[in-house]
Amino acid sequence: MWPASQYSHSNQHAQNAAKANEHQNQQNLKTLGMTSAISMAGPKPIDIEKTNELKDALVPFGVFESEQEMHHRMEVLGALHRLVRQWIRDESLRKNMPLSVAETVGGNIYTFGSYRLGVHHRGADIDALCVAPRHIDRCDYFASFYELLKTQPQVKDLRAVEDAFVPVIKMNFDGIEIDLLFARLALKEIPDSFDLRDDMLLKNLDQKCVRSLNGCRVTDEILRLVPNINNFRLTLRAIKLWAKRHGIYSNTLGYLGGVSWAMLVARTCQLYPNALPATLVHKFFLVFSQWKWPQPVLLKQPDSVNLGFPVWDPRVNISDRFHLMPIITPAYPQQNSTFNVSASTRTVIMEEFRLGLDITDEIMLGKCGWERLFEAPHFFSRYKHFIVLLASSARALDQLQWCGLIESKIRHLITTLERNPHITIAHVNPECYNSVPLNTNNGQPLALPPGIALPADSVMNEINKNEEGEVMANVCSMWFIGLVFDKTNVNVDLTYDISSFTKAVHYQAENNSMLREGMTIEARHVRRKQLHQYLSPSLIKRERTQSGTKRKHDTNAHPPSAPTIHPTAPVKKTKRLSESSVSSSPTDEVSIISYNDDSNSSNMVEVNIPNGNATNHSQEIDRNKPTDKQIKPDHTPSTSSTIACT
């Protein structure tokens, strides 16, 4: 029988382990993390009240799963576990293994990520790992096991990404999205209750297996390093919701992914081990709005294990010195989970940290409720200039893989745009907007609000051809990149940058045999007043409605007791992300040359940007305020931590 306890974070075994873990951590509170705690203070009545209010504020956003939904997840994992066992048994027999041995070699499914941490929300996917004994190869996994999954009626949207940095099979299993990794251990058999934390398991494994195992090992280590798992979970639920609502939750696009947010929250819990979630959310923004990047965030002293695998170490690896926002995983081999962060995405994240601190200051003072922290920002009203990336395919079946490939490359386009001397910020909105079918709108894309259902698959998978017999694109998705320029009276030529990006995407699609007739990628420059051509009226209405309530940008309202960074540190003025701070004056024309891949031609677009200097809205922490506690970073800060986006 499938051991349910491995997959449920709420079962009795896990609860007992959590209690034992918390008891052990309570005995070692001062040793958790790289430094001692900032405050050992326990909760006050107001903290309990604010925490209850936080729980109530989270409920409408669907962050808590019902018992029925939880049991359904366990049933799905149980069915997947049985499939894995069946596949390993059949594959063992195919390799001439005796039946008596094939029945005992085992094999297991392990969960990691948000589900293993116990912070998954309604409808969230499950990250899982298939662990097989040594005679089962990865090629078997992507061949015979993939074919077995194809035959399962519960499995839909099945796709294999064998050439990924971490190879994965993605699927929808009975209504639940699952990302299933694979690792082969150098063992004859895999027992049911096998523990993956032993570093020696990695010996003689290939890099891809080590990366696949790393997800489970890191998740378990995070849970081991927090002083109170329940407080950690509620705090992480709140921070993840805030990050998603504010458009900074996406490892692929250069923001922070789930494991990075978990490690930041875990570090906050280490610094305030007896605090309740409401206080921890406030302290989270306090700590990381002042963090001296690129100083790394570490949950523990790096392990001294040396099995020959590369680890994050800027003393040895020159490339590690250029990471902008390092958050280091606690399990060997230690890696930087924020490798994809760019100068623009770090600037966006840091501004959101500062605004989050402003709001939580007011929440803790009773001036507003937690709902304000989860208000979505006004992306389309922040910028006057956008690049719209349009990904189109003939069928919905092709679009899924096509969008996945393009999304994985967008961060490279952002990095390229940042190198342009006239572009200060290239802010990509992580939301991928689906368009109405192109054949219903004269071939023009029009983004729908997230969550709006598209027509039935039978309609979206029809092949349409023009009069010349060419396959026409009908399914379209789009991403929006907001741009801020630092100068006027210049020609900004983006032809080479965008054409290089589109060619790189096509090259990889051809190499992966993914390219199909009707697949296109196009980048267009769009001004704010032209957005109505790409956004549905309901999206524009929602943006205008949200913009009715201005977000406050004045950070001078910090309470006098708020901890600050060292007063001797030089004050650097950062430019705001939006162009709303630019003073109005007679306009100067800036010309942007945009590239259209379909026509292989360039067209000059005149863009008006008001001339003037950016006014300084005090986004900096007031370093001269009195403080009762000094935020203690884990290491001496680097002198190169200033963001070069002024």
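Data block above holds the structure.
The residue numbering used here restarts from 1 in each chain and proceeds along that chain's sequence as written. Only residues with pLDDT of at least 70 are given local features in this predicted model, and only at 80 or more are side-chain atom pairs given and counted; all residues enter the totals for whole chains, interfaces and linings. With hydrogens and water stripped out, all remaining heavy atoms of the structure feed into the side-chain values.

### Topic: the overall build of the protein
At step 1: Helix and strand content of the protein: 16 helices and 15 strands.
At step 2: Each residue gets one of three labels from its accessible area relative to the maximum for its type: buried under 20%, exposed over 50%, partly exposed in between, using a 1.4 Å probe on protein chains only. Among the 646 residues that make up the protein, the fraction classed as buried is 55%.
At step 3: For the protein, restricting intrachain contacts to residue pairs at least 6 apart in sequence, the fraction spanning at least 24 positions comes to 77%.
At step 4: Areas reported as accessible are Shrake-Rupley estimates using a 1.4 Å probe. Residue values count occlusion only from the protein chains shown. Surface accessibility of the protein: about 28800 Å² in total, with carbon and sulfur atoms responsible for 50%. Note on conventions: DSSP H or I runs of at least 4 residues are helices, E runs of at least 2 residues are strands, and numbering of each starts at the N terminus. Whether two residues touch is decided by their heavy atoms; if any such pair falls within 4.5 Å, the residues are in contact.

### Considerations on the packing of helix H2 (residues 45-58) against helix H8 (residues 229-245)
At step 1: Comment: axis = line fitted to C-alpha atoms, over the contacting stretch for helices; angle = value between 0 and 180 degrees taken between N-to-C directions. Viewed as axis vectors pointing N to C, H2 and H8 meet at an angle of 50 degrees, and their least axial separation amounts to 11 Å. Classified by the angle their axes make, H2 and H8 are oblique. Along this stretch, H2 crosses H8, giving a crossing that reads as left-handed. For the pair H2 and H8, the contacting residues are Thr51, Leu54, Lys55 and Leu58 in the first and Leu234, Arg237, Ala238 and Leu241 in the second.
At step 2: In this classification, the charged set is Asp, Glu, Lys and Arg, the nonpolar set is Ala, Val, Leu, Ile, Met, Phe, Trp, Tyr, Cys and Pro, and all remaining amino acids, among them Gly, are polar. Broken down by class, the residue content of the contact of H2 with H8 amounts to 5 nonpolar, 1 polar and 2 charged. Roughly parallel covers angles under 35 degrees, roughly antiparallel covers those over 145, roughly perpendicular covers 65 to 115, and oblique covers all other angles. By convention, the crossing between two helices is left-handed when the near helix turns anticlockwise from the far helix through less than a right angle, and right-handed when the turn is clockwise.

### Examining the environment of Lys503
At step 1: Secondary-structure assignment places Lys503 in helix H15 (residues 495-511).
At step 2: Sequence separation between Lys503 and Ile521 is 18 residues; the distance between their C-alpha atoms is 9.5 Å.

### Looking at the sheet that holds strand E2 (residues 126-132)
At step 1: A pair of strands counts as paired when DSSP detects no fewer than two bridges linking them. If you trace the 5 strands from one edge of the open sheet to the other, you get E1-E2-E5-E4-E3, paired in mixed fashion. Edge positions in the open sheet fall to strand E1 (108-112) and strand E3 (155-161), since each of these has one partner strand only. Adjacent strand axes in the sheet meet at a mean angle of 25 degrees when their direction is disregarded.
At step 2: Pairing analysis gives 6 bridges linking strand E4 (residues 168-173) to strand E5 (residues 176-184), with the strands arranged antiparallel.

### Observations concerning the packing of aromatic side chains
At step 1: Working definition: rings of Phe, Tyr and Trp (its six-membered ring) pair if their centres are within 6.5 Å, and the pair is stacked with planes under 30 degrees apart, edge-to-face with planes over 60 apart, and tilted otherwise. Inspection of the entire model under this criterion finds 27 aromatic pairs.
At step 2: On the basis of an interplanar angle of 90 degrees and a centroid distance of 6.2 Å, the ring pair of Tyr383 and Phe386 is categorised as edge-to-face. Here Tyr383 and Phe386 have matching classes, each one buried.
At step 3: By the ring-pair criterion, three or more aromatic residues cluster together here, those being Trp242, Trp261, Phe284, Phe285, Phe288, Trp291, Trp293 and Phe353.
At step 4: The residue whose ring lies beneath Arg211 is Phe165, and the NZ or CZ to ring-centre distance is 3.8 Å.
At step 5: Sitting over a ring, as applied to charges here, requires NZ of Lys or CZ of Arg to be within 6 Å of the ring centre and within 35 degrees of the ring normal. Lys244 extends its terminal NZ or CZ atom over the ring of Tyr249, reaching a point 4.8 Å from the ring centre.

### Concerning the packing of helix H3 (residues 67-94) against helix H6 (residues 138-150)
At step 1: Here H3 crosses H6 at 125 degrees, and the two axes come no closer than 11 Å. With respect to H6, the axis of H3 lies oblique. The handedness of the crossing between H3 and H6 comes out as right-handed. Taken together, the residues of H6 that come into contact with H3 (itself represented by Leu80, Leu83, Val84, Gln86, Trp87, Glu91 and Arg94) are Asp140, Tyr141, Ser144, Phe145, Leu148 and Leu149.
At step 2: Here the residues of the contact of H3 with H6 are counted per class, giving 8 nonpolar, 2 polar and 3 charged.

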